[in-house]
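# Analysis of the macromolecular model
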Amino acid sequence: MVLNDDGLMLLKQTQFTWDESGQTHTALWRAAISPPPAALEVADDTLSADKAYKLLKGGAYLLWRGDYHNGRQLLQALGRRLDKKPRVNTPKANQAAATADQTAHAHAAFVQHRADQARRHNLLARVLLAFEPDYSLALRRAPKAQLALTEAWGEPTDQACIASFKDLQGMIGAHEWRKKGVGIPFLDGCIHPHYAVYSPLRGEYIDLVATAPLPPGAQALAFDIGTGSGVIAAVLAKRGVQRVLATDMEPRAIACATDNLQRLGLSGQVDLVATNLFPQGQAPLIVCNPPWLPAPANNAIERAVYDPDSAMLRGFLGGLGEHLTPGGEGWLILSDLAEHLGLRTRDELMGWIAGAGLRVVKRHDTRPTHPKSKDAADPLFMARRKEVTSLWRLARKA
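Residues numbered from 1 in each chain as written. Predicted model: local features only at pLDDT ≥ 70, side-chain atom pairs only at ≥ 80, totals over all residues. Heavy atoms only, no water.

## Topic: the nonpolar core
Leu 236, Ile 286, Phe 316, Leu 317 and Leu 332 are the most contacted members of the largest nonpolar core, which has 52 residues in total. Discounting chain neighbours no more than four positions away, the residues touching Phe 316 are Ile 225, Leu 277, Phe 278, Ile 286, Cys 288, Trp 331 and Leu 332. Of all hydrophobic cores here, the second largest spans 37 residues; its members include Leu 47, Leu 124, Leu 137 and Ala 145. (Core = buried A, V, L, I, M, F, W, Y, C linked by side-chain atoms within 4.5 Å. Buried < 20%, exposed > 50% of the residue type's maximum accessible area, 1.4 Å probe, protein only. Contact = heavy atoms within 4.5 Å.)

## Comments concerning helix 4 (residues 102-124)
Over its 23 residues, helix 4 extends 32 Å from the first C-alpha to the last, a length consistent with the 33 Å expected when each residue adds 1.5 Å. Residues of helix 4 that are buried include every one of Ala 106, Ala 109, Phe 110, Gln 112, His 113, Arg 114, Asp 116, Leu 123 and Leu 124, and no others. Elements that come into contact with the buried residues of helix 4 comprise helix 1 (49-57), helix 2 (68-83), strand 5 (127-131), helix 6 (165-180), helix 11 (337-340) and helix 13 (381-384). (Helix = DSSP H or I, 4+ residues; strand = E, 2+ residues; numbered from the N terminus. Expected span 1.5 Å × (residues − 1).)

## Examining the sheet that holds strand 12 (residues 283-288)
Ordered by their spatial adjacency, 7 strands build an open sheet running 11-10-9-12-13-15-14, and the pairing between neighbours is mixed. The sheet is open, and its two edges are formed by strand 11 (270-274) and strand 14 (358-366), each paired on a single side. Strand-to-strand twist of the sheet, defined as the mean angle between neighbouring strand axes without regard to direction, takes the value 20°. Note: strand 12 against strand 13 (residues 324-335), 5 bridges, orientation parallel. Considered in strand 13, the bridge of Cys 288 is made with Leu 332. Set on the sheet, helix 9 (residues 251-263) makes contact with strand 10 (244-248) and strand 11; between it and strand 11 the angle comes to about 170°. (Pairing = 2+ DSSP bridges. Axes fitted to C-alpha atoms, helices over the stretch in contact; angles between N-to-C directions.)

## With respect to the pattern of salt bridges
Side-chain pairs of opposite charge can arise whenever the charged atoms involved come near each other. Taken as a whole, this structure holds 16 salt bridges when the rule is applied. Put simply, Lys 179 and Glu 176 hold a salt bridge, and the shortest N to O gap is 3.5 Å. One end of the pair, Lys 179, and the other, Glu 176, are both in helix 6, 3 residues apart, so they sit about a helical turn from each other. For Asp 271, the salt bridge identified is with Arg 243, shortest N-O distance 3.0 Å. You can see Asp 271 sitting in strand 11 and its partner Arg 243 sitting in the loop between helix 8 (231-238) and strand 10, a full 28 residues away along the chain. Taking relative accessible area as the criterion, Asp 271 reaches 34% and is therefore assigned partly exposed. Each of the salt bridges in this network shares a partner with another, and the network as a whole consists of Arg 202, Glu 204 and Glu 387. (Salt bridge = Lys/Arg side-chain N within 4 Å of Asp/Glu carboxyl O.)

## Remarks on the sheet that holds strand 6 (residues 161-164)
Within the open sheet, the 6 strands sit side by side as 1-2-6-5-4-3. Their pairing is mixed. Where the open sheet ends on each side, the last strands, each with one partner, are strand 1 (15-20) and strand 3 (41-43). Between one strand axis and the next, the sheet turns by 40° as a mean value, whatever way the strands run. Pairing of strand 3 with strand 4 (residues 62-64), which is carried by 3 bridges, proceeds in the parallel orientation. Bridging across to strand 4, Ala 43 finds its partner in Trp 64.

## Digging into the state of the cysteines
As enumerated under the stated definition, the model contains 0 disulfides in all. Cys 256 takes part in no disulfide bond, and the closest cysteine sulfur, belonging to Cys 190, lies 13 Å away. (Disulfide = S-S within 2.5 Å.)

## Quick word on the packing of aromatic side chains
Per the stated rule, a full pass over the model turns up 8 aromatic pairs. Centroid distance Tyr 205 to Trp 292: 6.3 Å. Interplanar angle 85°. Geometry classified as edge-to-face. In this pair, Tyr 205 is assigned in helix 7 (residues 203-211) and Trp 292 in the loop between strand 12 and helix 10 (311-323), connecting sequence segments 87 residues apart. According to the relative accessible area criterion, Tyr 205 is buried, its value standing at 3%. (Phe/Tyr/Trp six-rings, centres within 6.5 Å; stacked < 30°, edge-to-face > 60°.)

## Examining the environment of Gly 228
Inspection of the secondary structure puts Gly 228 in the loop between strand 9 (222-225) and helix 8. The buried category is assigned to Gly 228, whose relative accessible area is 16%. Separated by 133 residues in the primary sequence, Gly 228 and Val 361 place their C-alpha atoms 26 Å from one another. If sequence neighbours within four positions are ignored, Gly 228 has contacts with Val 197, Asp 248, Ala 253, Cys 256 and Ala 257.

## A word on helix 8
Among the 8 residues that make up helix 8, 7 are buried, leaving the element largely enclosed by the rest of the structure. Turning to helix 8, its buried residues are Val 231, Ile 232, Ala 233, Ala 234, Val 235, Leu 236 and Ala 237. Directly beyond the C-terminal end of helix 8, a positive phi value near 105° is found at Gly 240.

## Some points on the side chain of Arg 344
Along the chain, Arg 344 turns up in the loop between helix 11 and helix 12 (346-355). It is Glu 339 that comes nearest to the buried, bridge-free Arg 344 among opposite-charge side chains, at 5.3 Å. At a separation of 3.0 Å, a polar atom in the side chain of Arg 344 contacts the side chain of Ser 310. Not counting chain neighbours up to four residues away, the residues in contact with Arg 344 comprise Trp 292, Pro 294, Ser 310, Leu 313, Leu 334, Ser 335, Ala 338, Glu 339 and Trp 352. (Lys, Arg positive; Asp, Glu negative; His and termini not counted. Polar contact = N/O pair within 3.5 Å; in protein donor to acceptor, adjacent residues only side chain to side chain.)

Here's what the structure looks like:
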């Protein structure tokens, strides 16, 4: 994915040509799978779900030319066929509870879950749509989604393009969340997540940031590392921190945070800095909510959740000491779900903290309240029901 200075996804400069009904067509390839295929098969309302499933499993790419809502139903039918595939090494909830090594079972469940997600994405992403140069769709009952696509892709050009049906659904869903916003009670307002920026749906970590005692001097200055939607910077500003330096390396996140802070009337207290991890200087309070799971992301949007090799977490811990003023604290917001999934141990985390010359001042814990924590049908339920979200208050060793 390539972004412009406004954080919008630029057109991939890949021209794709295919033959259809005796005519040659050319469009920009914008599907989230690459490289483009050698050819497309045109599909419409006459194609059954069984036939489509067989074609896709055989490696075909289908260009949908039928009714839009029938296309949605086809995707749902394909999803059901994928869901029927047996899970390997994924124990039932009651079996996992009885086993002596629940972490090993949880790890196997996670590996299989991620493989299932990747397989689903790779198959469904090959059902494609052709967009007109103005981002409209020449399909019966097609939605008017130009605004959603403009938010994700930038202003239309004079060229047609191809993207997957699932890409369009994701952009429409992101547009609706952006319009509606996510209510944050502490802020007496909403955070409006932009496309490909993590949405703060898990309110328990926000409550921790809103209630932990501020260290001396934090009323004057704090850093928010990896600000994303800007929600933590907003909470700190709402708590009375006079100046917050909020960083992010993604232009799309900077644009999103700018929008949210302006909506909340807090932009005068927050300066946004486009950089990786820390800004220049020191602060008495530095907050970071890194991705919680040390595993590869299947796509760009998952980078807010998955942090391969705990790179951001270790980078934050490694640089924290030199950016803290004497007596200052670093607040690390982290779930222990990775520990229950066998992806990282508590000893590893404590070793990274000690190795960075840091000590734990105190830890504030809370339990998640999101729906998956209570969903026994979720393949990771046995790990989720034990999950604890913590705010680690860290300081330099004396």
